[in-house]
Amino acid sequence: YHASHRHARKKRQGMVVDSPGYGFTSAPVKLKTLWWKMIQKYLCYGVRLNLILLCIPAHRGIQGQDIKVLEELKYFNKPVHIVLTKVDQVKNNEQLVRTLNETSGITHKFGHFVRPEIHLVCAEHNFGVPDLRSRVGLAFELDHYIENFK
């Protein structure tokens, strides 16, 4: 991803890192634990880390493991955006509204580091993807993204 910096007229570069799954991966528990330790180390020392996207399948909704991850993430003082993925797999609008309300209620308890907006996306149909790309691009473009959203 490259974002043009409007004032300096130079290209900004950023990197999107997809970490190993913490929830529904078919990997041994020891390997998942190793992955989580690796992620924690990156979060501690990743000084250029501007944004964390926590992706949750919308048809499953926020669950215990997601809440545990949020509990851990609050110590790193990095902005977290919740992304509900695969919205096309939600059975009906009522279920989607219920999932949004539950997710919003839970994430609200975590305070300032979890952003209040929840992104709804479906990569297969490109639904919500442009908005999410804009948010990620903003994190790359601004030197002080974290301070701007506190």
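A short tour of the structure in this document, coming up. (Residues numbered from 1 in each chain as written. Predicted model: local features only at pLDDT ≥ 70, side-chain atom pairs only at ≥ 80, totals over all residues. Heavy atoms only, no water.)

1. Points about the side chain of Q95
Right, on to step 1. Locating Q95 in the fold gives a position in helix α3 (residues 93–108).
Right, on to step 2. Setting aside its immediate chain neighbours within four residues, Q95 contacts H59 and V90. (Helix = DSSP H or I, 4+ residues; strand = E, 2+ residues; numbered from the N terminus. Contact = heavy atoms within 4.5 Å.)

2. Quick word on the sheet that holds strand β5 (residues 114–120)
Right, on to step 1. Judged by pairing direction, the sheet is parallel, and its 3 strands sit side by side in the order β3-β4-β5 without closing on themselves. Strands at the two margins of the open sheet, each flanked by one partner only, are β3 (52–57) and β5. Between one strand and the next, the sheet's axes are offset by a mean angle of 25°, whatever the strand orientation.
Right, on to step 2. Examined bridge by bridge, β3 and strand β4 (residues 80–85) share 6 bridges and lie parallel to one another. Note on β4: the bridge partner recorded for L54 is I82.
Right, on to step 3. Against the sheet, α3 touches β4 and β5, its axis set at about 160° to β5. (Pairing = 2+ DSSP bridges. Axes fitted to C-alpha atoms, helices over the stretch in contact; angles between N-to-C directions.)

3. Details of the nonpolar core
Right, on to step 1. Of all hydrophobic cores here, the largest spans 23 residues; its most connected members are L43, L54, L70, L73, V80, I82 and V114.
Right, on to step 2. Those elements that place two or more of their residues in this core are α1 (29–45), β3, α2 (64–73), β4 and β5.
Right, on to step 3. Residue contacts for L43: discarding those within four places in its chain leaves L49, I52, L73, F76 and K78. (Core = buried A, V, L, I, M, F, W, Y, C linked by side-chain atoms within 4.5 Å. Buried < 20%, exposed > 50% of the residue type's maximum accessible area, 1.4 Å probe, protein only.)

4. So, unusual backbone geometry
Right, on to step 1. The backbone phi angle of N77 is positive, close to 55°, even though this residue is not glycine.
Right, on to step 2. Relative to the elements of secondary structure, N77 occurs in the loop between α2 and β4.
Right, on to step 3. The phi dihedral of K86 falls on the positive side, at around 55°, and the residue is not glycine.
Right, on to step 4. Within the secondary structure layout, K86 lies in the loop between β4 and α3.

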